[in-house]
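Each chain, letter by letter, is given below.
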Amino acid sequence: MPTKKTKRKTKRGIGKTVKQPFPPSSTETKTLQYRQDSVHDFAWFADKRFIVNTDSCRLPSGAVINVYSFYTPQQAATWKNSVQYAKDALRFYSNEIGEYPYSTASVVQGPQSFGGGMEYPTITVIAPTPTPKDLDQVIAHELGHNWFYGILASNERDHPWMDEGINTFYEYKYMQSKYGTTKANELLFQTTAVRRIDQPIESTSEEFNEINYAASAYHKTAEWMRMLETQLGTNVFRNQMHQYFAQWKFKHPQPQDIKLIFQAELGAKSDEVFSLLYTKGVLPNNQLKGFKLVTPLKPASIKSYLQNPTKNILLLSPAGGINGYDKLMIGGLISNYKLPPNNFQFIAIPMYGTGSKKFTGIGKLNYTHMSDGAIRKTDIFLNAARFSMNDFIDSFGNKYITTFNKIVPGIKFTFKQKTPRSSVRKYIQWKSFIMSEDNFHFGSDTSITGVDTSVRQKISIVKNNYQVNQLQFVYQNTRALYPFQYQFSIEQINELVKPTLTINYFFNYPKSEGLNVRLFAGKIFYANGRNEIKSFEYDRYALGMTAPNGYEDYTYTHYFLRRNEFEGAGSQQIAMRDGGFKFRTDLLSPEVGKTDNWLIALNFSSSISEKINPLSILPFEVPLKVYADIGTYAEPWDKNSTEDRFLFDAGLQLSVLKEFVNIYIPLIHNKIYKEYYNSYLTKPRFWKSISFTLNFYNKPLSDLNNLLEF
Ligand SMILES: [Zn+2]
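Not measured: the values here are computed from a predicted model.

A.B. asks: Quick one: what's the story with the coordination of the zinc ion, residue by residue and with numbers?
C.D. replies: The coordination sphere of the zinc ion contains the protein donors His-141 (NE2), His-145 (NE2) and Glu-164 (OE), at a distance range of 2.0 to 2.1 Å. Donor residues for the zinc ion sit on one chain with the sequence pattern H-x3-H-x18-E. Each member of the pair His-141 and His-145 is classed as buried.

A.B. asks: Give a description of helix α2 (residues 82-96) that names residues and reports values.
C.D. replies: Two residues of an α-helix separated by three or four positions point the same way, owing to the 3.6 residues in each turn. With 15 residues, α2 ought to run about 21 Å at 1.5 Å a step, and its terminal C-alpha atoms sit 21 Å apart, in line with that. The buried count for α2 comes to eleven of 15 residues, which makes it a mostly enclosed element. Those residues of α2 that fall on the buried side of the exposure criterion are Ser-82, Val-83, Tyr-85, Ala-86, Lys-87, Ala-89, Leu-90, Phe-92, Tyr-93, Ser-94 and Glu-96.

A.B. asks: Give a detailed account of the sheet that holds strand β5 (residues 123-126), specifying residues and quantitative values.
C.D. replies: Ordered by their spatial adjacency, five strands build an open sheet running β1-β2-β3-β5-β4, and the pairing between neighbours is mixed. A strand with exactly one partner marks an edge of an open sheet, and here the two such strands are β1 (51-58) and β4 (117-120). For this sheet, the mean inter-axis angle between neighbouring strands, taken without regard to orientation, is 15°. Inspection of the sheet shows strand β2 (residues 64-71) paired to strand β3 (residues 104-109) by five bridges, in the parallel sense. Across the sheet, residue Val-67 finds its bridge partner in β3, namely Ala-105. Against the sheet, helix α3 (residues 132-144) touches β3, β4 and β5, its axis set at about 145° to β5.

A.B. asks: Provide a residue-level description of the environment of Lys-311, including the pertinent values.
C.D. replies: Tracing the backbone shows Lys-311 in the loop between α10 (299-307) and β7 (312-323). If sequence neighbours within four positions are ignored, Lys-311 has contacts with Leu-288, Lys-289, Gly-290, Lys-338 and Asn-342.

A.B. asks: Could you give an account of the packing of aromatic side chains, naming the residues involved and the relevant values?
C.D. replies: The full count for this structure, using the stated rule, is 42 aromatic pairs. Site record: aromatic cluster; members linked through ring pairs are Phe-92, Tyr-93, Tyr-100, Tyr-102, Trp-147, Phe-148, Phe-169, Tyr-170, Tyr-174, Phe-237 and Phe-262. When the ring centre of Phe-381 is taken as reference, the NZ or CZ atom of Lys-364 above it lies at 5.5 Å. Over the aromatic face of Tyr-551 sits the side chain of Arg-540, whose NZ or CZ is 4.5 Å from the ring centroid.

A.B. asks: Before we move on, can you summarise the domain arrangement of the chain with the specific residues and values?
C.D. replies: The assigned domain composition of the chain is domain 1 (36-151), domain 2 (155-287) and domain 3 (542-710). Just the C-alpha atoms count here: the centres of domain 1 and domain 2 sit 23 Å apart. Taken residue by residue, the interface counts 25 residues in domain 1 and 25 residues in domain 2. The largest contributions to the domain 1 side of the interface with domain 2 come from Glu-96, Phe-148 and Ile-151, which together make up 28% of the buried area. Here domain 1 and domain 2 share three salt bridges between them. In this structure, the salt-bridge partner of Glu-96 is Arg-238, at a minimum N-O distance of 3.5 Å. Across the contact surface, domain 1 and domain 2 share 16 residue pairs in polar contact (both at pLDDT 80 or more). Elements with a contribution of two residues or more to the side of domain 1 that touches domain 2: α2 and α3. Broken down by element, the side of domain 1 that touches domain 2 gets its largest block of residues, seven residues, from α2. Split by residue class, the side of domain 1 that touches domain 2 holds twelve nonpolar, seven polar and six charged.

What counts and what doesn't
Each chain has its residues counted from 1, following the order in which its sequence is written. For a predicted model such as this one, the threshold for reporting local features is a pLDDT of at least 70, and the threshold for listing and counting side-chain atom pairs is 80 or more; totals across whole chains, interfaces and linings nevertheless cover every residue. As a rule here, side-chain values cover all heavy atoms of the structure and leave hydrogens and water aside. Counted as donors are N, O and S atoms no farther than 2.8 Å from the metal, or 3.2 Å for Na, K and Ca; water is not among the atoms, and sites may therefore look incomplete. Think of it in three bands: residues with accessible area under 20% of the maximum for their type are buried, residues over 50% are exposed, and the middle band is partly exposed, with areas taken using a 1.4 Å probe on protein chains only. In this text, helices come from DSSP runs of H or I with a minimum length of four residues, and strands from runs of E with a minimum of two, each type numbered from the N-terminal end. What a helix is expected to span follows from its residue count: subtract one and scale by 1.5 Å. Criterion used throughout: strands pair if DSSP finds at least two bridges between them. For helices, the fitted line uses only the C-alpha atoms of the stretch in contact; every axis is such a line through C-alpha atoms, and the angle between N-to-C directions lies from 0 to 180 degrees. Contacts: residue pairs with any heavy atoms within 4.5 Å of one another. Two rings from Phe, Tyr or Trp (for Trp, the six-membered ring) form a pair when their centres are within 6.5 Å of each other. A pair whose planes differ by under 30 degrees is stacked, one over 60 is edge-to-face, and the rest are tilted. Only when the NZ atom of a Lys or the CZ atom of an Arg is both within 6 Å of the ring centre and within 35 degrees of the ring normal do we say a charge sits over the ring. For each domain, the first and last residues come from an automatic or database assignment. The term buried area means the drop in 1.4 Å probe accessible area that two parts suffer when joined, counted for both and summed. For salt bridges, the criterion is a side-chain nitrogen of Lys or Arg within 4 Å of an Asp or Glu carboxyl oxygen. Two N or O atoms count as a polar contact when they lie within 3.5 Å, although within protein this holds only if one can serve as hydrogen donor and the other as acceptor, and sequence-adjacent residues are included solely when both atoms are side-chain atoms. Gly is put with the polar residues, along with every residue not named as nonpolar or charged; the nonpolar set is Ala, Val, Leu, Ile, Met, Phe, Trp, Tyr, Cys and Pro, and the charged set is Asp, Glu, Lys and Arg.

Take a look at the structure:
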């Protein structure tokens, strides 16, 4: 693939087509003829809205050529200097490699779908870019392809490094001469190398995955060329490239041909230098050393790390947080997290809750062992967290706030992918949640006399300590069509053992978006059998048809605004787990569909077409979906049971902020939910029946997820 694939962030709005009227067409037919010698490819672009800029360009030999740029009014501000950028690049490449041999060069603005640019001899098409600097870079890169793949017509499928990589070396040189250096791409490449998922420079485009195509074929080759230039000296290196150009222009050079060119100067060292094309890992000239203190309080320290990265850093930063009990928390962050990651990583965020007047925070120690074997990555970790979790105001106006502490040791084995292009990822993980939480104990204070007994409450706080052992296996296929994920989990809490299986499957619709199907199945076993006392004692760990509230999130894995509430908006938050129903019946004991036996549920969530979206009349986009849940559990299947065997609920789902917030509006459900709605919910009932989730991370297999789990 010759398309430039650097991960360029596109700013909001750039991709949006601002409708511009097309000028009317002429009634006459026009015939255009194009003739060009010594090219092996051809492309032609047309748009009636094009603004055309042109200028002549004097090449190093004195020859004068014509340079054109074509762009739409939408990109006019960015493309103002496009002809100058093209002239700069043509002269730069002519000096470094050999003179541009054609009499014309054109750069054309194309649609966003080009995602960068695409090169053809004498003409290149470029997608809208956010800034003029980005445009300068893409123009240099795409015009540079006139040399590497155009004039020096190497085989870009068999040896992508010979065009993309060598061209990127010159693009970097060009950018450095105008704007200075950055090592950001090297840090991304080294991250792939440290994680043992990089590929050698000499791989075919078929073998490369998307990340390595950019990181190895483009970037690592550029760094390898830079190493070659440093070893030979700038002048000798330039001479050899001039020789390569003279000897191979308008021909098809192979890797061996460029090696022979440099062998003349490298001598005995040439085998060693060229063998680096076939090996993985960081190049010898780019090994990191030293230490830096990095802090956002001094932005220059971040810039300095990107320009001259070190092996170790200490990251210091102010930090903050918020929840309904601690209120605003202020504190600091101390960590050595960076790219590329070190084997030993730590992060600590101690904070102080301005509402609770308590110390809170999170911490993590993680040791990673990398291997080329079947288990690519082994993480041994210790996570910790402490936050406030509940409050109570007694009749004298005294406020009590309780906290939880958790310490979570664990180990995670991440399996190696079968091939670099495989979309399958899997891991197995063990965690022990060692929990300590404060519970309110409401007693009667007999020392107070003369008041109503309800006022004589004596509130004390008792510690509740428990441990949850959890073994998890996750298998994920991120393929573009019908991606899916299985998660098998088994938890043990004293006598209770709970295996659960969660499957997520996504059915793509032909045009865009699709239907997400989730299947959940769970079963509870007790050592030495089940009885009523155990059912009561282990109630909190039971399986729920409704997705759990804060109290039921007994491992404190999910972020809840107000964890233990029965009123107010905070009480309407749920976390996607268990049966995944959205209709809450928290005021009942037991809640509808709660069981300590078995439970199965199916959840559907579908995007809806713009045509039938009633909110599409609004001036801004509202991401509306429909959801439906159906489930069954053990109890209604008992002989004497009169309960509904199948429960269902359905409604509308608003997914905002890239699914960070999901709001569920129930519309249809079983009679039992309707009865709850009418008997237990006080007005405004409809508002109270709405639930929401907050998802900080919904990519369980990304390495970022590992960092965000506490
Ligand atoms: Zn390219």
